[in-house]
Amino acid sequence: MDKTAINARARRSPVMRSPSGEGRNGQFRGSLWRDLGLASALAIGAGVAAFAGAQCIPSKVAASGFYYNVWFEADPSRVVANMSSLDSDQYRTGVHPLFPLMTYPLVKLLRTVGGLPPFTAIRIVMVTLASLWVGTLFILLRTLGCHRFDAALFTLLAAASASAMFWLVMPETYAFGSLTILLGLMVVAVAQRRALSSWWYVAMSVLTLSVTVTNWMVGLFATFTAFDWRKAMRLTVIGLCCVAALWGVEKQIFPTARNFLDQRGEATFLFSKSSGGPTHILNAFVFHSMVMPAIGKRPQIDKADQRFPIKLSVQDSRPGSGTLWGVVGLSCGRFCSVWELARC
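Please read all numbers here as calculations on a predicted model, not as lab measurements.

Enquirer: Where do I start with the overall build of the chain in this structure?
Expert: Per the secondary structure count, the chain includes 14 helices and two strands. Burial status across the chain gives 43% buried among its 344 residues. Long-range pairs, those at least 24 residues apart, make up 67% of the contacts in the chain between residues at least 6 apart in sequence. Surface exposure of the chain reaches about 18,400 Å², of which carbon and sulfur atoms provide 68%.

Enquirer: Which parts of the structure should I look at to understand the nonpolar core?
Expert: Soluble globular proteins: nonpolar side chains tend toward being buried together. Grouped together as the largest cluster of nonpolar side chains are 48 residues, with contacts concentrated most on W71, M83, W133 and F176. Breaking this core down by element, the ones donating at least two residues are α2 (22–55), α3 (59–63), α4 (76–84), α5 (99–114), α6 (118–144), α7 (148–159), α8 (162–167) and α9 (174–191). When residues in this core are grouped by element, the largest group, 13 residues, is from α6. In this structure, L98, V206, F227 and A257 belong to the second largest nonpolar core, which totals 21 residues.

Enquirer: Would you explain the pairing of strand β2 (residues 310–313) in this entry?
Expert: For a regular strand, side-chain orientation follows a simple rule: the groups alternate between the two sheet faces. Here β2 shows a buried face lined by K311 and S313 and an unburied face lined by I310 and L312. Examined bridge by bridge, strand β1 (residues 296–299) and β2 share four bridges and lie antiparallel to one another. The partner of P299 across the bridge, within β2, is I310.

Enquirer: I'm lost on the pattern of salt bridges in this one. Help?
Expert: Close approach of charged atoms allows side chains with opposite charge to pair. Per the stated rule, a full pass over the model turns up five salt bridges. Taking the shortest distance from any N to any O, the salt bridge between R298 and D316 comes out at 3.1 Å. Of this pair, R298 sits in strand β1 while D316 sits in the loop between β2 and α14 (324–343); the two residues are 18 residues apart in sequence, bridging distant segments of the chain. Here the residues in one salt-bridge network are D35, R142 and R148, joined through shared partners.

Enquirer: How should I be thinking about the confidence of the model for the chain in this particular structure?
Expert: Atom-level detail of predicted coordinates should not be read off regions where pLDDT is low. Model confidence for the chain is summarised by a mean pLDDT of 87, while 89% of its residues fall at 70 or above. Ranking the helices and strands of the chain by mean pLDDT puts helix α12 (residues 229–253) first, with 97, and helix α1 (residues 3–12) last, with 44.

Enquirer: Before we go on, may I ask you to explain the packing of α4 against α6 in this structure?
Expert: To characterise two packed helices, one gives the angle between the axes of the helices and the distance between these axes. Between α4 and α6, whose axes approach to 10 Å, the crossing angle comes to 100°. In terms of axis orientation, α4 runs roughly perpendicular to α6. Residues V80, M83 and S84 of α4 pack against P118, F119, I122 and V125 of α6. Among the residues making up the contact of α4 with α6, the classes are represented as six nonpolar, one polar and no charged.

Enquirer: I keep staring at α5 and nothing clicks. Help me out?
Expert: Every α-helix winds through 3.6 residues per turn, so residues three or four apart in the chain are directed the same way. With 16 residues, α5 should reach 22 Å at 1.5 Å per residue; the first-to-last C-alpha distance of 22 Å fits that figure. Of all the positions in α5, only F99, P100, T103, Y104 and V107 are classed as buried. One side of α5 holds all its buried residues, which, seen down the axis, span an arc of 105°. Exposed and oriented more than 90 degrees from the buried face of α5 are L109, T112 and V113. Close packing links the buried residues of α5 with α4, α6, α9, α10 (198–211) and α12. Residue G115 follows α5 closely and has a positive phi angle near 65°.

Enquirer: Whenever I open this one, unusual backbone geometry confuses me. Can you help?
Expert: One can expect most non-glycine residues to show negative phi and most peptide bonds to be in trans. The backbone of N69 shows a phi angle near 75°, a positive value even though the residue is not glycine. Here N69 shows up in the loop between α3 and α4. With a phi angle near 65°, E73 is a residue other than glycine that sits in the positive phi range. Mapped onto the secondary structure, E73 falls in the loop between α3 and α4. On the basis of relative accessible area, E73 is assigned to the partly exposed category, the value being 35%.

Enquirer: Quick question: what am I supposed to make of a nonpolar patch on the surface here?
Expert: A grouping of L32, W33, L36 and I139 is seen on the molecular surface, where their side chains present a nonpolar patch of about 400 Å² in accessible area. The element that contributes the greatest number of residues to the nonpolar patch is α2, accounting for three residues. Relative to the assigned elements, W33 resides in helix α2. Classification of W33 as exposed rests on a relative accessible area of 62%.

Enquirer: Explain the environment of A39 here, please?
Expert: Tracing the chain through its elements places A39 in helix α2. We classify A39 as buried; its relative accessible area is 5%. C-alpha separation for the pair A39 and T155, spaced 116 residues apart in sequence, amounts to 9.5 Å. Not counting residues up to four positions away in its chain, the partners in contact with A39 are G135, F138 and I139.

Enquirer: Sorry if this is basic, but what is going on with the packing of aromatic side chains here?
Expert: Each aromatic ring pair is described using two quantities: the centre-to-centre distance and the angle formed by the ring planes. For the coordinates displayed, the defined rule picks out 11 aromatic pairs. Ring geometry for W167 and Y174: centres 4.9 Å apart, planes at 75°, overall edge-to-face. Cluster of aromatic residues (ring-pair linked, three or more members): W71, F72, F166, W167 and Y174.

What counts and what doesn't
Residues numbered from 1 in each chain as written. Predicted model: local features only at pLDDT ≥ 70, side-chain atom pairs only at ≥ 80, totals over all residues. Heavy atoms only, no water. Helix = DSSP H or I, 4+ residues; strand = E, 2+ residues; numbered from the N terminus. Buried < 20%, exposed > 50% of the residue type's maximum accessible area, 1.4 Å probe, protein only. Contact = heavy atoms within 4.5 Å. Areas by Shrake-Rupley, 256 points an atom, 1.4 Å probe, with all protein chains shown as cover. Core = buried A, V, L, I, M, F, W, Y, C linked by side-chain atoms within 4.5 Å. Pairing = 2+ DSSP bridges. Salt bridge = Lys/Arg side-chain N within 4 Å of Asp/Glu carboxyl O. pLDDT = per-residue confidence, 0-100. Axes fitted to C-alpha atoms, helices over the stretch in contact; angles between N-to-C directions. Parallel < 35°, antiparallel > 145°, perpendicular 65-115°, else oblique. Nonpolar A, V, L, I, M, F, W, Y, C, P; charged D, E, K, R; others polar. Expected span 1.5 Å × (residues − 1). Arc of directions from axis to C-beta. Patch = residues over 30% accessible without salt bridge, like charges linked within 9 Å, V, L, I, M, F, W, Y side chains within 5 Å. Phe/Tyr/Trp six-rings, centres within 6.5 Å; stacked < 30°, edge-to-face > 60°.

Okay, structure coming up:
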């Protein structure tokens, strides 16, 4: 990318304005510190909210296998075990390749240094993750060129979404995977402003593949749109080999870790009858992720005699069906999203 293109983007972006001159450089530094200060405030607020939200959920719902699948078919008891025990069954590394390698050391460190119980250490990790997620989103929006007010509004909207409120408080892989996507997009955004080494794209491939295999599409799309296909293929293979090498280390620590290249059986989760069909899937993806509808219940089918008899679900709910405020919130949220995208 030549300097003319970079300078043109810098003039359009409120983040990248750094004109020459001592006074103007000082203004740029001041703007940067204000962004970092606001990102920190948003991150701290998100951490406090996530901690308060986590306290509302009984620990047995997250840690006991009896409540497996109850929280919208999530597997928190398995995730808790994977994050805190070397002896747990790590079979889900087939789709979450490096999840235990990334999270177990963090929990172990908190337990060793702070003398904390495993579940308390895991909650601290999740609260920290919520803070990082919100702070990273704000910085990403600023890097993309959104004005400070717009970026803050978008960040608050995301933090108040149903996805954030229900998944940043529960031990699961989703928030970790979402953060890797944000960091991958950050590399793309920065690359529009300045030239980056090819190794950044390798790191992005490793990061996006590490938590959930389907998230690798972010790294793949970014790499193949930034380079010619031959170089993109080389970088992709290097990233895949790095993950494979790290998985080999993980296999030595967690003997039950499953090969992430073996995806047999995962297709059964696509378009299952319980999803309700394409319309219900689209509603859940587009609408329920922002505003929680009426929460329904479904009977447990798998090992029903060993588990809590029902599980929470919104798959069959209508968008905004929770309360009247749900309809208002959904309408306002979509309007604000369109408006902010037009302004960014």
